[in-house]
Each structure stands twice: as structure tokens, then as C-alpha cells.
Amino acid sequence: FCLILAPLHVFFGGNAAGNDYLSWQGFANVEQGSKLCWLHAFLVWYVVLFVDTRIYKFQNKFVKLRVHWLQKLSHIESCTILVENIPLRHRTVAGLRKYMNNMFGGR
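Residues numbered from 1 in each chain as written. Predicted model: local features only at pLDDT ≥ 70, side-chain atom pairs only at ≥ 80, totals over all residues. Heavy atoms only, no water.

Student: Which parts of the structure should I look at to understand unusual backbone geometry?
Tutor: Glycine aside, residues mostly have negative phi, and peptide bonds are mostly found in the trans state. At Asn15, a position not held by glycine, the phi torsion is positive, near 60°. Take Asn15: it is sitting in the loop between helix 1 (2–12) and helix 2 (36–72). On the basis of relative accessibility, which here comes to 45%, the residue Asn15 falls in the partly exposed class. In the Ramachandran plot, Asn85 falls in the positive-phi region, its phi being about 60° despite a non-glycine side chain. Judged by relative accessible area, Asn85 falls into the exposed class, the value being 73%. (Helix = DSSP H or I, 4+ residues; strand = E, 2+ residues; numbered from the N terminus. Buried < 20%, exposed > 50% of the residue type's maximum accessible area, 1.4 Å probe, protein only.)

Student: What is the right way to look at the packing of helix 1 against helix 2 in this model?
Tutor: Between two packed helices, both the angle of their axes relative to each other and the distance between the axes serve to describe the pair. Viewed as axis vectors pointing N to C, helix 1 and helix 2 meet at an angle of 165°, and their least axial separation amounts to 11 Å. Regarding the angle of helix 1 to helix 2, the classification is roughly antiparallel. For the pair helix 1 and helix 2, the crossing hand works out as left-handed. Within the contact between the two elements, helix 1 uses Leu5, Leu8, His9 and Phe12 and helix 2 uses Leu36, Leu39, His40 and Leu43. When the residues that make up the contact of helix 1 with helix 2 are grouped by side-chain class, the tally is six nonpolar, two polar and no charged. (Axes fitted to C-alpha atoms, helices over the stretch in contact; angles between N-to-C directions. Parallel < 35°, antiparallel > 145°, perpendicular 65-115°, else oblique. Left-handed = near helix turned anticlockwise from the far one by under 90°. Contact = heavy atoms within 4.5 Å. Nonpolar A, V, L, I, M, F, W, Y, C, P; charged D, E, K, R; others polar.)

Student: Can you walk me through the packing of aromatic side chains in this structure?
Tutor: Centre-to-centre distance and the angle between the planes together describe a pair of aromatic rings. As enumerated under the stated definition, the model contains two aromatic pairs in all. Measuring from ring centre to ring centre gives 4.9 Å for Tyr21 and Trp24, while their planes differ by 80°; the resulting arrangement is edge-to-face. With relative accessibility at 56%, the residue Tyr21 sits in the exposed group. Residue class for Trp24 comes out partly exposed when judged on its relative accessible area of 30%. (Phe/Tyr/Trp six-rings, centres within 6.5 Å; stacked < 30°, edge-to-face > 60°.)

Student: Help me understand the confidence of the model for the protein, please; the structure alone is not making it clear to me.
Tutor: Close inspection of predicted coordinates is inappropriate in any region flagged by low pLDDT. For the protein, per-residue confidence averages 89 on the pLDDT scale, and residues scoring 70 or more make up 98% of the total. At the level of individual helices and strands, the protein shows its lowest average pLDDT in helix 3 (residues 75–78), which scores 82, and its highest in helix 2, which scores 95. (pLDDT = per-residue confidence, 0-100.)

Student: Honestly, the side chain of Asn29 in this entry has me stumped. Any pointers?
Tutor: Here Asn29 lies in the loop between helix 1 and helix 2. For Asn29, a relative accessible area of 1% translates into the label buried. Once residues lying within four places of it in the same chain are set aside, the contact partners of Asn29 are His9, Val10, Gly13, Gly14, Asn15, Ala16, Ala17, Ser23 and Trp24.

Pasting the structure below:
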């Protein structure tokens, strides 16, 4: 977008930056109320929608791959969870079992 917007800012921005030559290619050179503001608004929405659709597309692809990978694992491997920050008094097999049963209403 820089190759499109920078020349537009320089030549059609309205010279809002004045003598600040480093700002000529940026949005600071666009006068308030210029039609270039609408171009920026359109491009922002284009980028948002493009990125949003890409994220959902690749997330859907990832979920399918993840489910396929989990289905190939043995039952014990695919049902394993990570438990962190267990209180010291529950860091035994029996203590952890009692703690988890109290937390989640097990038997």
C-alpha cells in the first residue's frame, strides 16, 4: 500500500505538512476533509476483512489437521491434559486425584 498511498499523499494530499519534507509521503500531508481520507478508510476495512477471512480460513484448516492428528493418537495420549500450579500438599497421585475430584465433582 505504500507504493500506492505515498505518491498520492505527496501529489494530492494538499501539502498539509508544509515544509516538513519527511512527512510529505505520510498521512500528515493530507489536508483535513480530503477525499484521500475516504481511501484510507476503505483500505483499512479491506485489510481488516482480508486478514479476518484469512485467519478464519487457516484456523479452520488447523482444527481439521489437529482433529485428524488427535484421532491417530492412542486414547490415553489424546485425552491428556496439562495441570499447573498444583498446591504442594496435593503433589502426589492420591492427593492430586482427591484435589481434582473435589474441583470437578468426580467420584
